[in-house]
Amino acid sequence: MKRLALRTGVRWKISIAIAAVGALIAVALSLVVHNAARVSMIENAREVQLERLLGAQRFHEAASTQKNLPKFGAKLNDPAIPPSLRDEVRKNRRATHVAETPDGVPDVWAAVPLANGDVLSLHTRFADRSATIMDDLDRALIIGSVSVVFGGCALGVLIGGQLSRRLRKAAAAAGLVAQGQTDVRVREAVGGVVRDETDELARAVDALTDALNERIEAERRVTADIAHELRTPVTGLLTAAELLPPGRPTELVRDRAQAMRTLVEDVLEVARLDSASERAELQELPLGEFVSRRIGLLDPDVTVQVVHESWVSTDPRRLERILGNLLGNAAKHGSTPVEVTVEGRVVRVRDHGPGFPEELLRDGPSRFRTGSMDRAGHGHGLGLTIAAGQARVLGARLTFRNAAPSGAAEGTGGAIAVLWLPEHAPTNTGSFPMLRGAEERQPQG
């Protein structure tokens with residue numbers, strides 16, 4: 001059974017935690033203060049009641065009469081005396097007693113034994129003024145508790161908001177690093193003066209990024225060096241193969257040597273693209289006419305449809321390389337017919353094969369992607385990798401998708417590669433030119 005995942009932000013978790021702790025503390029303190037105040041007032045009422053009774057006792061003993069006792073509120077041998085108070089008086093002790101009543105206002109009793117064996121007692125209700133004071137105190141405690149809860153919640157939102165913003169900045173910067181922008185520093189993106197665990201996380205991610213960059217750069221250099229060293233012996237092997245006598249074995253040797261040379265050249269090209277040292281040599285050209293002419297030379301069987309012609313500023317050599325690799329990938333892994341559509345600055349290449357594998361759609365083209373998960377179960381994965389790298393040099397975007405929905409029968413739909421050429425191509429230095437309109441909007445110094 002799938003568990004229900006409740007997603008909440010750090011801000012609200014911290015604010016709820018602070019509010020809950022504040023509420024517990026406020027309730028506990030309120031109960032302590034309420035009980036302490038009530039006990040203090042009741043003890044004071046006991047003392048006042050006992051002093052009044054002792055005054056009535058002195059007057060009674062001096063006057064030896066009962067007629068003035070009612071003006072003190074005292075009674076002799078009152079049958080309503082609580083049993084516990086009566087037991088204390090029988091022990092010849094002065095005592096007080098507080099009896100709870102249904103309305104919540106207690107009765108305060110006081111009793112003293114007389115010399116002749118009678119019991120003089122005084123019975124009054126808890127003072128109205130004291131009850132009012134307790135009500136005011138309870139009201140103040142409730143208001144204070146609610147204020148503490150809301151104040152704690154606001155403080156939690158403030159503290160949690162700062163922490164949440166720092167974490168979101170760190171996550172956004174880490175996402176940019178994952179997209180290939182290795183020059184992004186998570187610590188700089190987080191910023192701030194306060195140093196906490198977020199800074200430790202940012203430094204750890206930056207250290208991880210640096211370590212990965214160093215490893216990738218080392219692997220790139222090793223790959224480029226190996227390919228460069230292989231170029232000379234492979235060229236010699238091709239030259240030697242030309243000297244072999246005609247025959248089937250000679251053709252096999254030449255084919256394998258040529259395939260090895262192509263692989264070495266592709267690896268060197270990938271290494272150059274990874275080094276970000278490649279620059280486009282731009283020319284203005286009609287995209288539809290250029291694509292039709294080049295594809296006619298590469299593969300006359302491919303259908304080209306120009307929906308809308310557009311002039312673009314791009315590098316024709318690199319654009320031809322991208323088109324050749326996309327057509328080669330479609331011929332190797334897809335099925336006919338292969339269709340190319342040009343619409344403005346967008347070029348679509350579609351075949352009718354099994355489509356791109358899920359790994360490529362999810363992660364993009366990867367060098368040396370082989371195995372059964374590949375469309376045809378073979379290949380080095382360099383064609384699409386080089387096409388994507390050349391597209392980056394042109395400032396373009398190369399995307400991949402399948403025509404058939406996910407889960408459709410194999411062999412239906414086909415694969416679609418879409419090249420989006422930019423409106424403003426990169427300059428020879430690799431940067432993008434400033435728009436004329438934006439240039440005019442700049443304030444004059």
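Residues numbered from 1 in each chain as written. Predicted model: local features only at pLDDT ≥ 70, side-chain atom pairs only at ≥ 80, totals over all residues. Heavy atoms only, no water.

Our working definition: UniProt positions are given in the numbering used here, feature names are shortened, and annotations may be inferred rather than shown by experiment.
Going by an unreviewed UniProt entry, the protein chain carries the name Sensor protein CseC and comes from Streptomyces nanshensis. Of the protein chain, the UniProt comment under Catalytic activity (unreviewed entry) reads exactly: "ATP + protein L-histidine = ADP + protein N-phospho-L-histidine." UniProt annotates the protein chain under Subcellular location (unreviewed entry) with the comment "Cell membrane".

### Concerning the sheet that holds strand β4 (residues 119-125)
This is how it is decided: Any two strands between which DSSP finds at least two bridges are classified as paired. Numbering goes from the N terminus for both helices and strands, where a helix is a DSSP run of H or I of at least four residues and a strand is a run of E of at least two. Axis lines are fitted through C-alpha atoms, for helices just across the contact stretch, and the angle between N-to-C directions can take any value from 0 to 180 degrees. In what follows, residue pairs with any heavy atoms lying within 4.5 Å of each other are defined as contacts.
Spatial ordering of the open sheet is given by β1-β4-β3-β2, a layout of four strands whose pairing is antiparallel. One side of each edge strand has no neighbouring strand; the edge strands of this open sheet are β1 (74-76) and β2 (95-99). On average, each strand axis in the sheet is tilted by 25° relative to the strand beside it, whichever way the strands run. Relative to β4, β1 runs antiparallel, the two sharing three bridges. Following the sheet pairing, A74 is matched in β4 by L122. Set on the sheet, helix α2 (residues 83-90) makes contact with β2, β3 (107-113) and β4; between it and β3 the angle comes to about 20°.

### Observations regarding the sheet that holds strand β8 (residues 339-343)
An order of β6-β8-β9-β11-β10 is seen for the five strands of this open sheet, with the pairing classed as mixed. Two strands bound the open sheet, and with one partner strand each, they are β6 (303-308) and β10 (397-402). Shown here is a sheet whose adjacent strand axes are inclined to one another by a mean of 15°, direction ignored. Bridging between β8 and strand β9 (residues 346-350) involves five bridges; their strand directions are antiparallel.

### Description of the nonpolar core
Short version of the rule: Nonpolar core, defined: a set of buried Ala, Val, Leu, Ile, Met, Phe, Trp, Tyr and Cys residues in which side-chain atoms within 4.5 Å join the residues together. When accessible area is computed with a 1.4 Å probe and restricted to protein chains, residues below 20% of their type maximum are described as buried, those above 50% as exposed, and intermediate ones as partly exposed.
Of all hydrophobic cores here, the largest spans 34 residues; its most connected members are V291, L326 and L419. Where this core is concerned, the elements lending two or more residues are α7 (287-298), α8 (316-333), β8, β9, α10 (382-393), β10 and β11 (415-420). Ranked by residues supplied to this core, first place goes to α8 with six residues. Ignoring anything within four residues of it in the chain, the contact list for L326 reads V349, L384, A387, L398, F400 and A417.

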